[in-house]
Amino acid sequence: MKRIILALSIVIIGCATKTYQIGLHFIVDNFEYEVIGIKELRLVCCNDTSSVVNIPTKITHNGLTYKITAIGFEAFANKSNMTTVAIPKSVKSINTWAFHNCVNLTNFTIPKAVKHIESTAFHNTAFYNNKDNWTDNVLYKDGCLLSADTLLSGEYSIHKTTRLIASEAFSCCKKLISVTIPRSITTIRTGTFAGCESLKSITIPISVKNIEDNVFVGCSSLTSVELPNEIDWIAPYIFKDCSSLESITIPDNVNCIEVCAFENCKNLKQVVIGSNVDTIVAFAFLNCNNLKTITCLAKEPPTLEIEVFPNPNNTTLIVPKGSLEKYKESDWDFYFEGRIKEME
C-alpha cells in the first residue's frame, strides 16, 4: 500500500514540474521544432508539401505552450511546390539557407519582429531570382536589405527606410568603394562587408549600437573608420586583414576588444583605446607591426590576454596622468617596458 502511494506522489510531482528543456526536438503536425528558450521554439524542418504553407504562431506540446521565434538552417530548403509561406509575427530570426531552392516561392512577408536574417535565407527562390525585385543590384523586402549583387560598384547609399541588413549582405562586392548606412539601422551583422576589397569609406550613424564579428574582414582599402559611441565591444576579427587601416579610435563605451580584432592591420600606426575598456583578448593586434603610438585612456590598466601586442618594439604607450605606476606594475609593462609615458 505504501508503495502505491509513493508511485502516485511521484507522478503528481512530475506533472507539476514540467519544464522547458533547451535542445529538445519534437514534431507537431508537419513541423519539427527545437526548444531554444523558455516558451521559444526554432522551426527546424517542414514536411508540408503544399503550395501554401502557414507557420503557426503558437503550439502546445505535452502541456507546454511555445511561440515560434526562429526559422532554422535549411528548414524549408528545396520545397519546390511552395509558392506562399506565412511567417508568424513572433519570428525574430531567419537562418542560413532557410528557404534556399524554393524555386516557386514568391509570396511572403518578413514580420517587423525579425531582427536577424542570413543573406542566403531566400537564395534561389522565385522572389530572389526575379530581377524586377532588385534595385540597383540590391534586393530589399519589407524594409530588410537581403542581398547585394557582387556586381555592385562605386558609391552606395542604403535606403533610408531600411530597418535591417542581412548578415554578409555586401560580402565580396569587390568594386564597392563607399557605403552610407542610414540612421534606421541599429546593428551591423556578421560579415556584412567582408571581402569588399575596394571599400575606402563607410558612414556609420550614431544609431548603430552593435557591430558584429568579421564585418570588415578583408576590406584591404579601408584607411579609417569612425565607430559610433554607443557600441560596447570590438567584435572578433572585425578588422582582420584591413591592411590599409592607419588609425582607429575605440569609443569610451567599449569594454572589451575581442580576439584578433585587428589582426594583419599592417599599416595601423595609431590606436586610441577608450576609457572604459577593461579587457583586451588574445591576438587582438596580431601582426600590427607598424604601430607607433597606443593611447590608452583607461585609468586602471585593462586586463591583457596572451600575445595582445606581438613585437611592439617600436611602439610607445601613452596613459592617463597619474596612472604611470599602475601600468608599470601590470602586464602592460611586459610589452612596453621603458616606453610608457603619461599624458601631459
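Residues numbered from 1 in each chain as written. Predicted model: local features only at pLDDT ≥ 70, side-chain atom pairs only at ≥ 80, totals over all residues. Heavy atoms only, no water.

K.L.:
Sorry, what's going on with the overall build of the chain here?
P.N.:
Each helix and strand counted, the chain has four helices and 27 strands in total. Taking the principal axes of the C-alpha coordinates as reference, the chain spans close to 75 × 70 × 30 Å. Here the chain holds 344 residues, and 48% of them are scored as buried. In the chain, the proportion of contacts linking residues at least 24 apart, taken out of those at least 6 apart, comes to 34%. Accessible surface for the chain amounts to roughly 16,700 Å². Of this, 49% is attributable to carbon and sulfur atoms. (Helix = DSSP H or I, 4+ residues; strand = E, 2+ residues; numbered from the N terminus. Buried < 20%, exposed > 50% of the residue type's maximum accessible area, 1.4 Å probe, protein only. Contact = heavy atoms within 4.5 Å. Areas by Shrake-Rupley, 256 points an atom, 1.4 Å probe, with all protein chains shown as cover.)

K.L.:
Help me understand the sheet that holds strand S26 (residues 316-319) in this model?
P.N.:
By way of backbone hydrogen bonds, the strands of a sheet pair with one another, either parallel or antiparallel. Judged by pairing direction, the sheet is parallel, and its five strands sit side by side in the order S20-S22-S24-S26-S27 without closing on themselves. The two strands at the open ends of the sheet, each matched to only one other strand, are strand S20 (247-249) and strand S27 (340-342). The mean angle between the axes of side-by-side strands here comes to 15 degrees, regardless of whether they run parallel or antiparallel. As defined by bridge partners, S20 adjoins strand S22 (residues 270-273) across three bridges and the pair is classed as parallel. Among the inter-strand pairings, isoleucine 248 is bridged to a residue of S22, identified as valine 271. (Pairing = 2+ DSSP bridges. Axes fitted to C-alpha atoms, helices over the stretch in contact; angles between N-to-C directions.)

K.L.:
Is there a simple way to think about the nonpolar core in this case?
P.N.:
Within the largest apolar cluster, 105 residues are counted, with the highest numbers of intra-cluster contacts made by Phe76, Phe99, Phe170, Phe193 and Phe262. For phenylalanine 262, the contacting residues outside a window of four places in its chain are Ile234, Phe239, Leu245, Ile248, Ile250, Ile257, Leu268, Ala284, Phe285, Leu286 and Cys288. (Core = buried A, V, L, I, M, F, W, Y, C linked by side-chain atoms within 4.5 Å.)

K.L.:
Is there a simple way to explain the sheet that holds strand S13 (residues 153-157) in this structure?
P.N.:
Reading across from one edge, S13-S15-S17 is the order of the three strands in this open sheet, with parallel pairing throughout. Edge positions in the sheet fall to S13 and strand S17 (201-203), since each has one partner strand and no second. When the angles between neighbouring strand axes are averaged without regard to direction, this sheet yields 20 degrees. Note that S13 and strand S15 (residues 175-180) share five bridges and pair parallel. Paired with serine 153 across the strands is lysine 175, a residue of S15.

K.L.:
Please clarify how the side chain of threonine 162 should be interpreted in this entry.
P.N.:
Counting through the fold element by element, threonine 162 comes out in the loop between S13 and strand S14 (164-165). With relative accessibility at 1%, the residue threonine 162 sits in the buried group. A polar atom in the side chain of threonine 162 sits 2.8 Å from the backbone oxygen of histidine 159. Aside from chain neighbours lying at most four places away, what touches threonine 162 is Tyr140, Gly143, Leu145, Ser184 and Ile185. (Polar contact = N/O pair within 3.5 Å; in protein donor to acceptor, adjacent residues only side chain to side chain.)

K.L.:
How should I be thinking about the pairing of strand S2 (residues 31-37) in this particular structure?
P.N.:
For a regular strand, the rule is simple: side chains alternate between the two faces of the sheet. In terms of burial, S2 is largely enclosed, as five of its seven residues are buried. As paired strands, strand S1 (residues 25-28) and S2 are joined by four bridges and run antiparallel to one another. By the bridge assignment, phenylalanine 26 is partnered in S2 with tyrosine 33. Connecting the antiparallel pair S1 and S2 is a turn made up of two residues, with aspartate 29 showing a positive phi of about 55 degrees. As paired elements, S2 and strand S3 (residues 40-46) share six bridges and run antiparallel to each other. Across the sheet, the residue bridging to valine 35 is leucine 41, located in S3. As consecutive antiparallel partners, S2 and S3 are separated by two residues, and within that stretch lysine 39 has a phi angle of approximately 65 degrees, a positive value.

K.L.:
Would you mind showing me how to read the pairing of strand S24 (residues 293-296) here?
P.N.:
In this sheet, S24 lies alongside S22 in parallel orientation, the contact comprising four bridges. Opposite isoleucine 273, over in S24, you have cysteine 296 as the bridge partner. Both S24 and S26 contribute to a ladder of three bridges, which runs parallel. In the sheet register, threonine 295 faces S26, and the bridge partner there is isoleucine 318.

K.L.:
Looking at this model, I keep getting lost on the environment of cysteine 242. Mind explaining?
P.N.:
Tracing the sequence through the fold places cysteine 242 in the loop between strand S19 (233-234) and S20. Between the C-alpha atom of cysteine 242 and that of alanine 261, which follows or precedes it by 19 residues, the distance is 10 Å. In contact with cysteine 242, other than residues within four places in its own chain, are Phe216, Cys219, Ser220, Asn264 and Cys265.

K.L.:
Help me understand the side chain of aspartate 333 in this model?
P.N.:
When you line up the elements, aspartate 333 lands in helix H4 (residues 332-336). As a buried residue without a salt bridge, aspartate 333 has its nearest oppositely charged side chain in lysine 328, at a separation of 6.8 Å. If sequence neighbours within four positions are ignored, aspartate 333 has contacts with Tyr327, Lys328, Gly338 and Ile340. (Lys, Arg positive; Asp, Glu negative; His and termini not counted. Salt bridge = Lys/Arg side-chain N within 4 Å of Asp/Glu carboxyl O.)

K.L.:
How do you make sense of the packing of aromatic side chains when you look at a structure like this?
P.N.:
The geometry of an aromatic ring pair is captured by the separation of the ring centres together with the interplanar angle, meaning the angle of the planes. Applying the stated rule across the entire model yields 23 aromatic pairs. Ring geometry for phenylalanine 108 against phenylalanine 127: centres 5.2 Å apart, planes inclined by 80 degrees, an arrangement best described as edge-to-face. A residue pair is termed long-range when its members are at least 10 positions apart, and phenylalanine 108 in the loop between strand S8 (93-94) and strand S9 (116-117) and phenylalanine 127 in helix H2 (residues 126-129) qualify at 19 residues. Across the pair, phenylalanine 127 and phenylalanine 108 agree in class, each one buried. Arranged with centres 5.0 Å apart and planes meeting at 5 degrees, the rings of phenylalanine 262 and phenylalanine 285 form a pair that is stacked. With phenylalanine 262 in the loop between strand S21 (256-257) and S22 and phenylalanine 285 in the loop between strand S23 (279-280) and S24, the pair connects residues that are 23 residues apart, well separated along the chain. (Phe/Tyr/Trp six-rings, centres within 6.5 Å; stacked < 30°, edge-to-face > 60°.)

In short, shape yes, function no, at least from these values alone.
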